[in-house]
Amino acid sequence: MIPRLKDKIALVTGGGSGIGRATCLRMAEEGASVVVTDMNEAGGHETVAQITASGGAAWFDRLDVADEAGWQGLIAAIRARHGRLDILVNNAGILIMKPMLETSLDEWERIFAVNARGVFLGCKTAAPVMIAAGGGAIINISSIYGLIAPAGATAYEATKGAVRLFTKGVAAELAAHNIRVNSVHPGVVDTGMTEAFLRDAAVTDRLLGPTLIRRPAQARELANAILFLASDEASYMTGSELVVDGGYTSQ
Ligand SMILES: NC(=O)c1ccc[n+]([C@@H]2O[C@H](COP(=O)([O-])OP(=O)(O)OC[C@H]3O[C@@H](n4cnc5c(N)ncnc54)[C@H](O)[C@@H]3O)[C@@H](O)[C@H]2O)c1
């Protein structure tokens, strides 16, 4: 069987843990050369080590997604090393669980810098190299909190809502260049982001809310959806939102 991402070059932000790491591992399993990026250097190197230990190809570069110069340097390095980029996963994100009245302006700006500016910079910097390569696939990680907005995380929800519609606009602009752009909307996933909540069964139950599949997702279950959107199997999907939430938003 031919690997689903054979000969593809994939860049994943926030690849040092959680959904990002699982996506790097899954894409490497399917034949991609993976550029693992994160601010967490130890985590990023560990992801690369896991990939290379199982025979895959990957390298790490430190990237703060909010830093435009950092993006430019990284894309130049990818051009020099691979001459192309086929897949971009804008996954890095932070969560601030606070109601609007308790959110400071600094917190608002910090979460927008990572979750929204980071996705903008990723698309803007990577698209030209994809255009030069004749096309590509971009997957932006939003959230169910980009679709619905329960009380208590308003700044986060605003960033994820921004990612949802930004994705559709970029899809419209890049379709003529054969670049597909889609968003993924995870429900509750068992990662570093949620571990503090998932230690307590009662809090987990509250967080799961109306989730039909009564458990948090594993990061690999998100990676499988991201892999699908990155692969040619999703060749007619762009501007779409893929919800992977165990049924949270279905009723
Ligand atoms: N875990 C969930 O339940 C859940 C639900 C919906 C959406 N998401 C989204 O999925 C994505 C991945 O989150 P996760 O659950 O794997 O969390 P995580 O905390 O395990 O991973 C996030 C990664 O992003 C990195 N990061 C943070 N700020 C960064 C920056 N400025 N530049 C580069 N890297 C940075 C962190 O170092 C970390 O490795 C996020 O966008 C998150 O909002 C997660």
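Coordinates for the structure precede this section.
So, here is what we can say about the structure in this document. (Residues numbered from 1 in each chain as written. Predicted model: local features only at pLDDT ≥ 70, side-chain atom pairs only at ≥ 80, totals over all residues.)

The next subject is helix 4 (residues 105-133). With 29 residues, helix 4 extends 40 Å between its outermost C-alpha atoms, agreeing within 8% with the 42 Å of an ideal straight helix rising 1.5 Å per residue. Three or more residues of helix 4 are buried, namely Ile-111, Val-114, Asn-115, Gly-118, Val-119, Leu-121, Gly-122, Cys-123, Ala-126, Ala-127, Val-129 and Met-130. Where helix 4 is buried, its residues contact strand 1 (9-12), helix 3 (68-82), strand 4 (87-90), strand 5 (136-141), helix 5 (154-174) and strand 6 (179-186). Positioned one or two residues after helix 4, Gly-134 has a phi angle of 95°, which is positive. (Helix = DSSP H or I, 4+ residues; strand = E, 2+ residues; numbered from the N terminus. Expected span 1.5 Å × (residues − 1). Buried ≥ 20, exposed ≤ 12 C-beta atoms within 10 Å, placed from the backbone. Contact = placed C-beta atoms within 7 Å.)

Further remarks concern the nonpolar core. Ala-10, Val-34, Leu-222, Ile-226 and Ala-230 are the most contacted members of the largest nonpolar core, which totals 69 residues. If one sorts the elements of this core by residue count, helix 4 sits on top with 9 residues. Once residues lying within four places of it in the same chain are set aside, the contact partners of Ile-226 are Thr-23, Val-89, Ile-139 and Val-184. (Core = buried A, V, L, I, M, F, W, Y, C linked by C-beta atoms within 7 Å.)

A word on the site of the ligand. Taken together, 30 residues sit near the ligand, with Gly-14, Gly-18, Gly-93, Thr-191 and Gly-192 positioned nearest. When residues of the shell around the ligand are assigned to their parent elements, the largest contribution, 3 residues, is made by helix 1 (residues 18-29). (Near = placed C-beta within 6 Å.)

In this section: the environment of Thr-37. Residue placement: Thr-37 occurs in strand 2 (residues 33-38). Residues Thr-37 and Leu-63, spaced 26 residues apart in sequence, show a C-alpha to C-alpha distance of 5.6 Å. In contact with Thr-37, not counting residues within four places along its chain, are Leu-11, Val-12, Thr-13, Gly-15, Gly-44, Asp-61, Leu-63 and Leu-74.

Spatial ordering of the open sheet is given by 3-2-1-4-5-6-7, a layout of 7 strands whose pairing is parallel. Lying at the two open borders of the sheet, with one neighbouring strand each, are strand 3 (57-62) and strand 7 (241-244). Taking each pair of neighbouring strands and ignoring which way they run, the sheet shows an average axis angle of 20°. For strand 1 and strand 2, the ladder comprises 4 bridges, and the chain directions are parallel. Of the residues in strand 2, the one forming a bridge with Ala-10 is Val-34. Against the sheet, helix 2 (residues 41-53) engages strand 2 and strand 3, with an angle of about 175° to strand 3. On the sheet, helix 8 (residues 219-230) packs against strand 1, strand 4, strand 5, strand 6 and strand 7 and is oriented at approximately 165° with respect to strand 6. (Pairing = 2+ DSSP bridges. Axes fitted to C-alpha atoms, helices over the stretch in contact; angles between N-to-C directions.)

Further remarks concern the pairing of strand 1. Of the two faces of strand 1, both are covered, the one formed by Ile-9 and Leu-11 as well as the one formed by Ala-10 and Val-12. Between the parallel pair strand 1 and strand 2, the chain is carried across by helix 1, and the sense of this crossover is right-handed. Alignment of strand 1 against strand 4, held across 3 bridges, turns out to be parallel. Bridge pairing links Ala-10 to Ile-87 in strand 4. (Right-handed = clockwise from strand over helix to strand, strands pointing away.)

Attention now moves to unusual backbone geometry. One non-glycine residue, Asp-7, adopts positive backbone phi at about 65°. The topology assignment puts Asp-7 in the segment before strand 1. Overall, the presence of 10 C-beta atoms within 10 Å leaves Asp-7 in the exposed class. Unusually for a residue other than glycine, Asn-178 sits at a positive phi of about 65°.

On to the environment of Leu-242. Tracing the sequence through the fold places Leu-242 in strand 7. With 20 residues separating them along the chain, Leu-242 and Leu-222 place their C-alpha atoms 10 Å apart. Filtering out sequence-adjacent residues up to four positions away, Leu-242 remains in contact with Asn-182, Val-184, His-185, Ala-225 and Leu-229.

Glancing now at the packing of helix 3 against helix 4. For the pair helix 3 and helix 4, the least separation of the axes is 10 Å and the interaxial angle reads 25°. Relative to helix 4, the element helix 3 is oriented roughly parallel. Along this stretch, helix 3 crosses helix 4, giving a crossing that reads as right-handed. Facing helix 3, whose interface residues are Glu-68, Trp-71, Gln-72, Ile-75, Ile-78 and Arg-79, helix 4 presents Leu-121, Gly-122, Thr-125, Ala-126 and Val-129. Of the residues contributing to the contact of helix 3 with helix 4, the split by class is 6 nonpolar, 3 polar and 2 charged. (Parallel < 35°, antiparallel > 145°, perpendicular 65-115°, else oblique. Left-handed = near helix turned anticlockwise from the far one by under 90°. Nonpolar A, V, L, I, M, F, W, Y, C, P; charged D, E, K, R; others polar.)

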